[in-house]
Amino acid sequence: MHAYAANVYTSVVEELMKGKQRKFIAVEQEFFRLWWDAVATDRHKQQVHQLLQEGRLEFVIGGQVMHDEAVTLIDDQILQLTEGHGFLYETFGIRPQFSWHVDPFGASATTPTLFALAGFNAHLISRIDYDLKADMQKNKKLQFVWQGSPSLSESQEIFTHVMDQYSYCTPSQIPFSNRSGFYWNGIAVFPDPPKDGVYPNMSLPVTDTNIHLYAQTMVANIKERAAWFRTGDVLWPWGCDKQFFNASVQYSNMDLLLDYINEHSDQFGVTVQYATVGDYFQAVYNRSLAWEIRDSQDFLPYSAEPFQAWTGFYTSRSILKGIARRASSLLFAGESFFTQYVRKHTASSICKCQALKQLQSLRWAVSEVQHHDGITGTESPKVKDMYMDNLMYGMLNVKKLMASIIFDMNNAEKNGEVYSYIYNKDSGKLGTTDVDQYVIVYNPLAWNITTFVMVSISHSSVSVYDELGHSVPAQIQSSAESYFTYDLYILVAISGLSYRKYNIKPSLGKQSAFIGRSVKYKQKDISRACQQSQRLLPVVNNCYQVMFDQDTNLMHSITERETNQTVQLTQEFLEYHVNGDVKKGPISDNYLFAPNASAVPVSKAVGLEVVSGNLVTEIRQYFYSNVTAQEYIYVVYTRMYTVPEGYDGKLLCHRIEQEYSTGPLELNREAILRTSTNLNTRQLLYTDSNGYQIQKRPFKAYVNNTVARNYYPMVQTAYIEDDSARLVLLAERAHGVSSQGNGQVEVMLHRRLWNNLEWDLNYNLTLNDSSVVRPVFWLILGTKSVTSTLYQTSGLALEHRPVVMFGALSGDKPKLTRQLQLNSVHSSPVTVPPNLHLQTLSIPGWKYSSNHTEQIHSVHMGKQQQADADFSRVLLRIRHLYEVGEDPVLSQPVIVNLKSLLKGLGSVMLVEERSLTGTWDVNTLKRWKWKTAQYPSKAYVLPH
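Residues numbered from 1 in each chain as written. Predicted model: local features only at pLDDT ≥ 70, side-chain atom pairs only at ≥ 80, totals over all residues. Heavy atoms only, no water.

Before going further, it helps to spend a moment on the sheet that holds strand S5 (residues 158–162). One open sheet accounts for five strands, arranged S3-S5-S4-S6-S39; its pairing is mixed. The open sheet is flanked by strand S3 (122–125) and strand S39 (931–933), the only strands paired with a single partner. Averaged over neighbouring strand pairs, the angle between their axes works out to 45 degrees when direction is ignored. In this sheet, strand S6 (residues 290–294) lies alongside strand S4 (residues 143–146) in parallel orientation, the contact comprising two bridges. Considered in S6, the bridge of Val-145 is made with Ile-293. Contacting S3, S4, S5 and S6, helix H10 (residues 277–286) crosses the sheet at an angle of about 115 degrees to S5. (Pairing = 2+ DSSP bridges. Helix = DSSP H or I, 4+ residues; strand = E, 2+ residues; numbered from the N terminus. Axes fitted to C-alpha atoms, helices over the stretch in contact; angles between N-to-C directions. Contact = heavy atoms within 4.5 Å.)

So this is what it looks like as structure tokens:
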């Protein structure tokens, strides 16, 4: 910000005012907003308003960041886009209409749909496979109309432009100098600008002696590019990473060059002008050509060169990926919790403006980390720490807010109750005192859920009761993590968007919690296991029977009990060894994955412990490098749940939960868990796109780098199947995933790398990540029809697990008031059918008018600054979870009565249907309709 970004906005705005012909596009709102709030003078602000009105400054995309497309969740993409769009509309009354997604590492098919729903007229991408780009370029197919969603297809299609081989930077080679050309401001210097204004690598200034040479070079490049596109309009991007920080020297040279080419346009055969992305797309649109349609296939993975597969970042910095998702999930819960509180408690003791600030701190942090060098793990450790600090600060704020809402709603002071913040498995445990402990559990999903929450406690004998004093099913067992704590699993059944309160009492005599008893089995040498022997240990619940091989202590098979179908299934940890020396061959780094050879098994011995009780069975497998090793290197905790009579346990029973512990790794190792089955999958893998839709991933053989080029991002879901059965993996953070053999699926869990590539060393991008990672997966096995009804809701149940808060009663223990019992148990639940997901229920606190004319008027009159946040306006997004034709019942359209859905929040006075980010009334949104040339397979028969 200090060394570079602030200087861009200050100097560009000042320079744009000096020449009516000059233009500029700005993308990410985070830097712009920091500049606007802390650096820009009143004069600058007035100039920005004028430049926007004149169309000479154009905001494209307009989100907080240019988000990554491979490892982000659609909810978070929408959040960061909404965050930026809200600011732009509130401040300037403008709504971006074009994208500039030039830098994400591969292009998802979710993005074109997202941008179409946000009201964009055209989409622009750049990084796609080098060999595919060369082919498209040769055949003039870099532009097309993309129907990114198979279900929304043409209703949300968008014209898409792929940048040619020169990508988004000005070509810097010039034949008449060994210095780079066209970059007259040179390279930004960190942290302070040079005092004499002379930056490294400044291009030769344009003079009378070299202007013709500069013009020839530029025109030759323009003509080379023109041959790759169908129209005579050529987009020539001027700039690159960290440019225009000294805009005066840049524009003064550009002016001279553009004027010279236009004065000699007869000679050159080219005219040039400053333009925005909108100007370019308008020119192409005006040509009225018919464009080919692209279906919902994406452009992932991305390879820049034969040995540069950008598939490592799908897993890089797994802890950051996990925290980012946990923060997103907490924000989702906090938003609906706060919205209900504000709507139901008009006279509250909580300051709404302060509460909004608490939520906004987490909105900002979750938005920011979606950057294509954020959640991807492709930043330096210092920047990663900044993301983590901002996420942790925002999470703490929302935890405080939720605790204070509980406090307020329960009149806690009268009851002598003390609430601490939200309980996290890794941030503390319930105390050892003999006071009654309360656990408050909030269900952030708009469905009734039945699940287990686990809290760590320090005594082994307890009973659990609900608000009415009824005993609640629970199980207590010794913790695998610590000798001094116990894991207490509490079975919770909670309506949509509601909370329940549970009382944990130390048992002096009779206790109600079941006890999980541990049996430890002898460590087994798996390298010498006999193939013939079949001593199997069964672990059973109502849905599955899982067999473990007692000769190896490894999983052997899973039987789905309803169909009595058995799938052979084994799991093992392996590591890819990778090279870190550029002199010896291709390297792996934060971005790239370049394995030396096939993955190598890491463990020769496995220890087994089974903790079984009436509700939960936990299988703990410890993986050792050899039989004599004392320290294990990997662990799998597998949990299966038994649901008592009277509870709806369909989702819970069909979930085999696994938690893996991986690391610290040795240097230049990439750790995977490979699951091998006897399913005849023909190496076909399915993975999700951003938690939104499924992509088919057939295994492809390449001349080079086949292993790495068959890795794909898994944001939430991956599965393999044959005609008889499907195995689904659900994740709570992004991973790389691949099928390197028939019936196999492998997930990359962790990476630890060091290399000597100069660029990586300069930016400290060597990923020497010595952490231990603890990702959680849910496995579902069954027929295609059974799993298709389960995986969507289960994926969301994993993403949005209940939020747990706890408190204690101090002093005299008053009886629970009847009112509190009613509040807690009988609060009006918000529920949608199982094929819908309530994706957003929040009070954005927007200050803008939803009437566009009024909003423009108030911006022009300068009234916008004085406006207050609007707490009566609720943002609601509902998403249908199923594709057209995916399921005979669940794919059907659903009608929702908003008045009855939201009756618990009060009366619905007015409903407006808005664009995805809220800035357009859909009735006034008229996107450009691009002409398309239908494929022959979609030919229409014309009557003779």
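In this section: the packing of aromatic side chains. Centre distance and the angle of the planes are the two values used to describe a pair of aromatic rings. According to the stated counting rule, one finds 63 aromatic pairs in the structure shown. When the ring of Phe-32 is compared with that of Phe-59, the centres are 4.9 Å apart and the planes differ by 75 degrees; the resulting orientation is edge-to-face. Taken as a pair, Phe-32 in helix H2 (residues 29–38) and Phe-59 in strand S2 (residues 57–59) lie far apart in primary sequence, 27 residues in all. Geometrically, the ring pair formed by Phe-182 and Tyr-214 is edge-to-face, given 5.4 Å between the ring centres and 65 degrees between the ring planes. Taken together, the residues span a long stretch of sequence, with Phe-182 in the loop between S5 and helix H7 (211–226) and Tyr-214 in helix H7 at a distance of 32 residues. Tyr-214 matches Phe-182 in its accessibility class, with the two residues each being buried. One aromatic cluster is present, formed by Phe-98, Phe-159, Tyr-280, Phe-281, Tyr-285, Trp-291, Trp-928 and Trp-930 through successive ring pairs. Directly above the aromatic system of Trp-146 lies the positively charged group of Arg-294, at a separation of 5.9 Å from the ring centroid. (Phe/Tyr/Trp six-rings, centres within 6.5 Å; stacked < 30°, edge-to-face > 60°. Buried < 20%, exposed > 50% of the residue type's maximum accessible area, 1.4 Å probe, protein only. Lys NZ or Arg CZ within 6 Å of the ring centre and 35° of its normal.)

Attention shifts here to the packing of helix H11 (residues 318–344) against helix H13 (residues 381–409). Taken N-terminus to C-terminus, the directions of H11 and H13 make an angle of 30 degrees; their axes are 9 Å apart at the nearest point. When the interaxial angle is binned, H11 and H13 end up roughly parallel. The two elements H11 and H13 meet at a crossing, and its hand is left-handed. The class makeup of the residues in the contact of H11 with H13 is 21 nonpolar, one polar and four charged. (Parallel < 35°, antiparallel > 145°, perpendicular 65-115°, else oblique. Left-handed = near helix turned anticlockwise from the far one by under 90°. Nonpolar A, V, L, I, M, F, W, Y, C, P; charged D, E, K, R; others polar.)

With that settled, the discussion passes to the side chain of Thr-113. With respect to the helices and strands, the residue Thr-113 is situated in helix H5 (residues 110–117). The exposure class assigned to Thr-113 is buried, which follows from its relative accessible area of 1%. A polar atom in the side chain of Thr-113 sits 3.3 Å from the backbone nitrogen of Ser-149. If we ignore the near neighbours within four places in the chain, the residues touching Thr-113 are Gly-148, Ser-149, Leu-152, Gln-156 and Tyr-692. (Polar contact = N/O pair within 3.5 Å; in protein donor to acceptor, adjacent residues only side chain to side chain.)

As a further point, take the UniProt feature "domain: Glycoside hydrolase family 38 central" (unreviewed entry) in the chain. Taken from the UniProt record, the annotation "domain: Glycoside hydrolase family 38 central" (unreviewed entry) applies to residues 308–391. With 65% helix and 2% strand, the stretch residues 308–391 has end C-alpha atoms that lie 31 Å from each other. (UniProt positions renumbered as here; feature names shortened; annotations may be inferred.)

Moving on: the pattern of salt bridges. Side-chain pairs of opposite charge can arise where the charged atoms are in close proximity. Counted under the stated rule, the structure contains 38 salt bridges. The salt bridge involving Arg-33 is made with Glu-83; its shortest N-O contact spans 3.9 Å. One end of the pair, Arg-33, is in helix H2; the other, Glu-83, is in helix H4 (residues 74–92), and 50 residues separate them in sequence. Here Arg-33 and Glu-83 have matching classes, each one buried. In this structure, the salt-bridge partner of Arg-620 is Glu-618, at a minimum N-O distance of 2.6 Å. The exposure class assigned to Arg-620 is buried, which follows from its relative accessible area of 2%. Salt bridges linked by common partners bring Glu-481, Glu-609, Glu-618, Arg-620, Arg-639, Glu-657, Glu-659 and Arg-774 together as one network. (Salt bridge = Lys/Arg side-chain N within 4 Å of Asp/Glu carboxyl O.)

In this section: the packing of helix H1 (residues 5–16) against H2. Between H1 and H2, the least distance of the axes is 9 Å, while the angle of their chain directions is 70 degrees. In terms of axis orientation, H1 runs roughly perpendicular to H2. Residues Ala-5, Ala-6, Tyr-9, Thr-10 and Val-13 of H1 form the contact with H2, whose own contacting residues are Phe-31, Phe-32 and Trp-35. Residues of the contact of H1 with H2, tallied by class, amount to seven nonpolar, one polar and no charged.

One open sheet holds the 10 strands; their spatial order is S17-S23-S24-S25-S26-S35-S32-S31-S28-S29, and the pairing between them is antiparallel. Of all the strands in the sheet, the pair left with one neighbour each is strand S17 (517–525) and strand S29 (693–698). Across the sheet, the axes of successive neighbouring strands diverge by a mean angle of 20 degrees, strand direction being ignored. Two strands pair when backbone bridges link them, and S17 and strand S23 (residues 605–612) are joined in this way by seven bridges, in the antiparallel orientation. Counterpart to Ser-518 in the pairing with S23 is Val-611.

Before going further, it helps to examine the pairing of strand S10 (residues 437–442). Here S10 lies mainly inside the structure; six of its six residues are buried. Neither face of S10 is open: one carries Gln-437, Val-439 and Val-441, the other Tyr-438, Ile-440 and Tyr-442, and all of them are buried. In this sheet, strand S15 (residues 499–506) lies alongside S10 in antiparallel orientation, the contact comprising six bridges. Across the sheet, residue Tyr-442 finds its bridge partner in S15, namely Tyr-499.

Looking now at the pairing of strand S28 (residues 684–689). In terms of burial, S28 is largely enclosed, as six of its six residues are buried. Of the strand pairs in this sheet, S28 and S29 are connected by six bridges, and their pairing is antiparallel. By the bridge assignment, Asp-688 is partnered in S29 with Ile-694. Between S28 and S29, which follow one another and run antiparallel, lie three residues, and Asn-690 among them has a positive phi close to 55 degrees. Summarising the sheet, S28 and strand S31 (residues 717–721) pair through two bridges and their orientation is antiparallel. Paired with Thr-687 across the strands is Ala-718, a residue of S31.

A separate point is the environment of Ala-718. Relative to the assigned elements, Ala-718 resides in strand S31. Apart from residues no more than four positions distant in its own chain, Ala-718 is found in contact with Tyr-686, Thr-687, Leu-727, Val-728, Leu-729 and Val-737.

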